[in-house]
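One letter stands for each residue in the lines below.
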Amino acid sequence: MSWLTDVVRPKIRTLLGQREVPDNLWRQCPACQQMIFHRDLERNLKVCTHCGHHMRATAIERLGWTFDEGAFTRIELPKAPADPLKFRDQKRYVDRLREAREKTGMEDAIAVAHGAIGGHRSVVAAMAFEFMGGSMGAAVGEGIVAAAQLAVLQDAALIIFTASGGARMQEGAVSLMQMPRTTIATRMVKEAGLPFITVLTDPTTGGVTASFAMLGDLQIAEPGALIGFAGARVIEQTVRETLPEGFQRAEYLHEHGIIDMVVKRTDLRETLGRVLGLLRPPVAVEQAA
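Residues numbered from 1 in each chain as written. Predicted model: local features only at pLDDT ≥ 70, side-chain atom pairs only at ≥ 80, totals over all residues. Heavy atoms only, no water.

> I'm lost on the confidence of the model for the chain in this one. Help?
Segments scoring low in pLDDT should not have their predicted coordinates read at a detailed level. Of the residues in the chain, 89% reach a pLDDT of 70 or more, and the chain-wide mean stands at 91. Here residues 283-289 scores under 50 on pLDDT; set against residues more than four positions off or in separate chains, the count is one contact. (pLDDT = per-residue confidence, 0-100. Contact = heavy atoms within 4.5 Å.)

Pasting the structure below:
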């Protein structure tokens with residue numbers, strides 16, 4: 001047996017050639033713990049094929065899933081001060097930014113692109129939770145403002161995918177000022193008579209929830225998304241009551257009228273196209289009126 005193992009098998013492998021098998025062919029669902037083949041997961045837009053759990057997605061993935069035929073044009077966003085407070089905790093803030101940029105290939109926690117959704121001109125801003133937890137600093141504020149200005153310029157709908165842990169503490173009051181800035185930016189879109197839709201993904205919390213995320217003409221959420229301002233533990237300690245099951249989840253908020261729709265990721269592009277068709281009648285109909 002030792003001869004077969006030590007001599008024959010290595011010779012066979014040498015003759016046939018040994019293939020390296022990637023270690024990322026399978027992904028485990030964090031909800032049901034089932035293993036999913038990576039191609040099946042990609043085909044299903046990172047939604048578990050066993051239990052329907054919606055896994056977190058990158059900002060670039062969301063842009064590709066949202067626009068017609070995955071075709072879009074990204075815009076370059078205005079530069080924000082890199083470290084306005086010269087902040088340092090365990091690391092310097094500039095070092096954290098550099099590491100996040102190297103890891104994600106993004107400048108900050110937002111990507112903005114324009115294209116068509118259901119044949120309708122649209123500008124989409126997608127927040128990147130993979131970049132420092134999607135925290136909202138000056139760069140994210142600049143991105144939202146730029147997206148709103150582009151929507152008005154192109155006479156297009158504005159859609160924002162939220163995914164954030166809240167304000168970026170390393171920027172202090174500068175980060176908090178992005179709440180009124182983004183609110184004013186979305187107001188500019190509404191005053192132009194253009195649709196503004198927010199898609200709340202897991203998680204959407206803190207200052208993002210307290211500002212533009214809840215100001216859309218329509219609030220759509222993905223199934224099971226965590227949506228709230230403060231954490232459940234903080235709320236329980238404050239009100240001194242046990243929170244109900246599913247508190248701050250998309251389905252609970254929909255049931256209580258806080259959001260308008262809960263839509264599966266695989267149905268989201270079609271839903272957005274249909275909604276935009278209702279909010280923005282075809283040009284021929286407008287001319288006839």
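> Just to check I follow, could you spell out the pattern of salt bridges for this structure?
Per the stated rule, a full pass over the model turns up 17 salt bridges. A salt bridge links R92 to D95; the nearest nitrogen and oxygen atoms lie 3.2 Å apart. We classify R92 as partly exposed; its relative accessible area is 40%. Taking relative accessible area as the criterion, D95 reaches 15% and is therefore assigned buried. Its salt-bridge partner being D108, residue R168 comes within 3.0 Å of it at the nearest N-O pair. You can see R168 sitting in the loop between β6 (157-164) and α6 (172-176) and its partner D108 sitting in the loop between α4 (93-104) and β4 (110-117), a full 60 residues away along the chain. For the residue pair R168 and D108, the accessibility class agrees, reading buried in each case. Overlapping salt bridges, with partners in common, bring together R56, D202 and R249 in one network. (Salt bridge = Lys/Arg side-chain N within 4 Å of Asp/Glu carboxyl O. Buried < 20%, exposed > 50% of the residue type's maximum accessible area, 1.4 Å probe, protein only. Helix = DSSP H or I, 4+ residues; strand = E, 2+ residues; numbered from the N terminus.)

> Would you mind showing me how to read the sheet that holds β6 here?
Strand pairing in a sheet is mediated by backbone hydrogen bonds. Such pairs are either parallel or antiparallel. Pairing in this open sheet of seven strands is mixed, and the strands run β3-β4-β5-β6-β7-β8-β9 from one edge to the other. Strand pairing shows two members of the sheet lacking a second neighbour, β3 (72-74) and β9 (261-262), which therefore form its edges. For β3 and β4, the ladder comprises three bridges, and the chain directions are antiparallel. Among the inter-strand pairings, F72 is bridged to a residue of β4, identified as G115. Along the sheet, helix α3 (residues 59-66) makes contact with β3, β4, β5 (120-127), β6 and β7 (196-204), crossing β5 at roughly 160°. (Pairing = 2+ DSSP bridges. Axes fitted to C-alpha atoms, helices over the stretch in contact; angles between N-to-C directions.)

> Help me understand the nonpolar core in this model?
Nonpolar side chains in soluble globular proteins generally cluster together in the buried interior. Judged by nonpolar contacts, the single largest core of 60 residues is most densely connected at V123, I144, L158, I159, F161, I197 and L272. For this core, the leading source of residues is helix α5 (residues 138-154), giving eight residues. Not counting residues up to four positions away in its chain, the partners in contact with I197 are L158, I159, I160, L218, I220, L272, V275, L276 and L279. (Core = buried A, V, L, I, M, F, W, Y, C linked by side-chain atoms within 4.5 Å.)

> Before we go on, may I ask you to explain the environment of R121 in this structure?
Here R121 is to be found in strand β5. With 36 residues separating them in the primary sequence, R121 and A157 have C-alpha atoms 6.5 Å apart. Contact partners of R121, with chain neighbours within four places excluded, come to G115, Q154, D155, A156 and A157.

> Even after reading the chapter, I still don't get the environment of K79, so can you show me in this structure?
Looking at the secondary structure, you find K79 in the loop between β3 and α4. Among the residues examined, K79 registers a relative accessible area of 60% and is labelled exposed.

> I tried to follow helix α7 (residues 178-191) on my own but got confused; where do I start?
Along an α-helix, residues three or four positions apart point the same way, because every turn accommodates 3.6 residues. Here α7 contains 14 residues, and its C-alpha end-to-end distance of 20 Å stays within 8% of the 20 Å for a straight helix at 1.5 Å per residue. When α7 is considered as a whole, its buried residues turn out to be Q178, T182, A185, T186 and V189. Buried residues along α7 cover an arc of 90° about the axis, so they all sit on one side. Projecting away from the buried face of α7 at angles above 90 degrees are the exposed residues I184 and E191. If you follow the buried residues of α7, they end up packed against α5, β6, α6 and β7. Positioned one or two residues after α7, G193 has a phi angle of 75°, which is positive. (Expected span 1.5 Å × (residues − 1). Arc of directions from axis to C-beta.)

> Even after reading the chapter, I still don't get the packing of α3 against helix α11 (residues 265-279), so can you show me in this structure?
Any two packed helices are characterised by how steeply their axes cross, that is the angle between the axes, and by the distance between the axes. Taken N-terminus to C-terminus, the directions of α3 and α11 make an angle of 55°; their axes are 9 Å apart at the nearest point. For the element pair α3 / α11, the angle class is oblique. Between α3 and α11, the contacting residues are R62, G64, W65 and T66 on the first element and R265, R269 and L272 on the second. A class-by-class count of the residues in the contact of α3 with α11 yields two nonpolar, two polar and three charged. (Parallel < 35°, antiparallel > 145°, perpendicular 65-115°, else oblique. Nonpolar A, V, L, I, M, F, W, Y, C, P; charged D, E, K, R; others polar.)

> What is the right way to read the pairing of β4 from this model?
The side chains of a regular strand alternate between the sheet's two faces. Judged from the eight bridges that link them, β4 and β5 form a sheet pairing that is antiparallel. The residue bridging A111 from the neighbouring strand is A126, located in β5.

> Even after reading the chapter, I still don't get unusual backbone geometry, so can you show me in this structure?
One can expect most non-glycine residues to show negative phi and most peptide bonds to be in trans. Following D202, the chain continues into P203 via a peptide bond in cis, with omega recorded as -10°. As for its placement among the helices and strands, P203 is situated in strand β7. Despite not being glycine, Q33 shows a phi value in the positive range, around 70°. Relative to the helices and strands, Q33 resides in the loop between β1 (26-28) and β2 (35-37). Look at Q33 and you get partly exposed, because its relative accessible area is 44%.

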